[in-house]
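# Analysis of the macromolecular model
Read off the chains here:
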Amino acid sequence: MKLGFTEAEEAFRVEAATWLTAALTGPFADVRGVTSLVEMPERRREWEKYLAASRWSCIGWPAQYGGRDATLAQQVIFAEEYARAGGPPRLNHLGIELIGPTILAYGTDEQKARFLPAIANGDHIWCQGYSEPGAGSDLGGVRTKAWREGGDWVIEGQKVWTSLAQFCDWIFVIARTDPESVGSKGLSFLLVPMDQDGVTVRNIVQMTGESEFNETFFDAARTDAANILGEPGQGWGVAMALLGFERGVSTLGQQMGFRNELDDLIEAARANGSAGDPVIRQKIAQAEIGLRLMRYGALRMLTASADGGSNPAAFTYKIQWANWRQSLGELAMEVLGQAGEISDAHGEYAFSRLPHLFLYSRADTIYGGTNEIQRNIIAERALGLPREARTRAK
Ligand SMILES: Cc1cc2nc3c(=O)[nH]c(=O)nc-3n(C[C@H](O)[C@H](O)[C@H](O)COP(=O)(O)OP(=O)(O)OC[C@H]3O[C@@H](n4cnc5c(N)ncnc54)[C@H](O)[C@@H]3O)c2cc1C
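Predicted model, so just to flag it, every value in this text is computed and none were measured. (Residues numbered from 1 in each chain as written. Predicted model: local features only at pLDDT ≥ 70, side-chain atom pairs only at ≥ 80, totals over all residues. Heavy atoms only, no water.)

To continue, consider helix H2 (residues 41-53). The first and last C-alpha atoms of H2 sit 19 Å apart over 13 residues, in line with the 18 Å expected at 1.5 Å per residue. Pro41, Arg44, Arg45, Trp47, Glu48, Leu51 and Ala52 are the residues of H2 that are buried. Along the long axis of H2, the arc covered by the buried residues comes to 155°, so they all point the same way. Counted as exposed and oriented over 90 degrees from the buried face of H2: Glu42 and Ala53. Residues of H2 that are buried make contact with helix H1 (7-25), helix H3 (72-84), helix H4 (93-106) and helix H5 (109-120). Looking one or two places after H2, you find Arg55, whose phi comes out positive at around 55°. (Helix = DSSP H or I, 4+ residues; strand = E, 2+ residues; numbered from the N terminus. Expected span 1.5 Å × (residues − 1). Buried < 20%, exposed > 50% of the residue type's maximum accessible area, 1.4 Å probe, protein only. Arc of directions from axis to C-beta. Contact = heavy atoms within 4.5 Å.)

The N-to-C vectors of helix H9 (residues 317-336) and helix H11 (residues 371-382) enclose an angle of 150°; their axes lie 9 Å apart at closest approach. As the angle between them shows, H9 and H11 are arranged roughly antiparallel. Handedness of the crossing formed by H9 with H11: left-handed. Taking contact as the criterion, the partners of Lys318, Ile319, Ala322 and Asn323 in H9 are, on H11, Asn371, Gln374, Arg375 and Ile378. Partitioned by chemical class, the residues of the contact of H9 with H11 number three nonpolar, three polar and two charged. (Axes fitted to C-alpha atoms, helices over the stretch in contact; angles between N-to-C directions. Parallel < 35°, antiparallel > 145°, perpendicular 65-115°, else oblique. Left-handed = near helix turned anticlockwise from the far one by under 90°. Nonpolar A, V, L, I, M, F, W, Y, C, P; charged D, E, K, R; others polar.)

With respect to the helices and strands, the residue Asp364 is situated in the loop between helix H10 (353-361) and H11. Within the structure, Asp364 has its side chain in polar contact with the side chain of Arg325 (distance 2.8 Å). (Polar contact = N/O pair within 3.5 Å; in protein donor to acceptor, adjacent residues only side chain to side chain.)

It is worth spelling out the domain arrangement of the protein chain at this point. We note that the domain assignment places domain 1 (7-90), domain 2 (126-231) and domain 3 (247-383) within the protein chain. Using C-alpha coordinates to define each centre, domain 2 is positioned 30 Å away from domain 3. Between domain 2 and domain 3, the residue contacts involve seven residues of the former and eight residues of the latter. Taken over both partners, the interface formed by domain 2 and domain 3 buries close to 650 Å², and the fraction arising from carbon and sulfur atoms is 58%. Area buried by domain 2 at its contact with domain 3 is led by Ser137, Met207 and Thr208, which between them contribute 70% of it. Linking domain 2 to domain 3 there are zero salt bridges. (Domains from an automatic or database assignment. Buried area = accessible area lost by both parts, 1.4 Å probe. Salt bridge = Lys/Arg side-chain N within 4 Å of Asp/Glu carboxyl O.)

Attention now goes to the pattern of salt bridges. Scanning the model with the defined rule gives 24 salt bridges in all. Note that Glu330 is salt-bridged to Arg362, the shortest N-O span being 2.9 Å. Of this pair, Glu330 sits in helix H9 while Arg362 is found in the loop between H10 and H11, placing the two residues 32 residues apart along the sequence. Look at Arg362 and you get partly exposed, because its relative accessible area is 32%. Each of Glu10, Arg13, Glu80, Glu81, Arg84 and Arg295 takes part in one network of salt bridges that share partners.

So this is what it looks like as structure tokens:
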């Protein structure tokens, strides 16, 4: 097991960092340091295209589809340097990290040729239509239905918590295509264009004051019959494979983002004098230790997968970072005191970075699998305990 990078990898780091710094202090200086998922969407779409023009958009993908065939280590290094340079959240995160790899794994040659270059170059921004009012953790409860009509699939139903749907060109949807089926059977995985009369997106206002996610309604929405990933009725396997891509190389880049947040918090504690408080100092030290432990844990996990092995400890990672960041948000509010409770704006409220972190981090233990679901996964898949009792017939 190696817990570091080779000289060649460090040279790649310099190349990536040099390019990113030039871009984010030059033509894209205005998006540097943006942390909100909804700020400056048009500029961030242009940023996607700018990254793609120099092949920095999705470096782990095959070169034939716009990538660089980058190794796992190179992808990790790029993610780290991206966060270090203050790169904004990727508008097409779901396209590049979730649906792109899934199309690579399950798509036909035609689907790969049609969709992958458009994702890589920022022409198609994607969102995820999994959750429904009655189906979040239990996706087998999906009620959105679809049926064949001529050369199309027709879709009826509602999704919820659809992040960034208001900016997206395409959505991937799990829909029930066998009306007699229950649970994970009889579902299909459809690729659906957003720009049509049958799709309505309605913002949900979050407690940060922003609307990152939405309700998405399908009212006889249509997509071409060819836009199905995998076989009809076999969508569950595709949907679960996609969730597997949610963990992975963005891990260490995400930690660089955490580093920036912890540094902000330390600066705030210095500025208002709370850095002199022994209890706050202890808590900051704990946060620092937690971050370093996560870094070594993630390096260990990535090394194991690069060596072709699997490491059951990887199952603990989501719960670990979600709890760590939620505590960081709480600590930020302790450091800021009453100042943290005051909004920046007159009229509509708006928060500066640390209070925003506190509010947003309440969601960290929900999306990407709630803490309770993660504990079930650890129990069953890592520790080999008996499966939890299920009440619904499959
Ligand atoms: C910021 C954010 C962005 C999101 N973006 C998207 C998106 O783009 N697309 C999308 O499809 N979805 C998205 N989601 C939805 C997210 O995936 C769901 O919220 C999540 O899967 C939980 O589902 P739920 O909200 O329906 O809660 P439920 O599944 O109803 O769970 C409610 C509570 O019960 C617990 N629970 C449920 N089942 C069990 C069990 N078997 N054992 C123990 N406890 C259990 C849960 O842990 C939770 O505490 C987003 C959510 C958030 C917060």
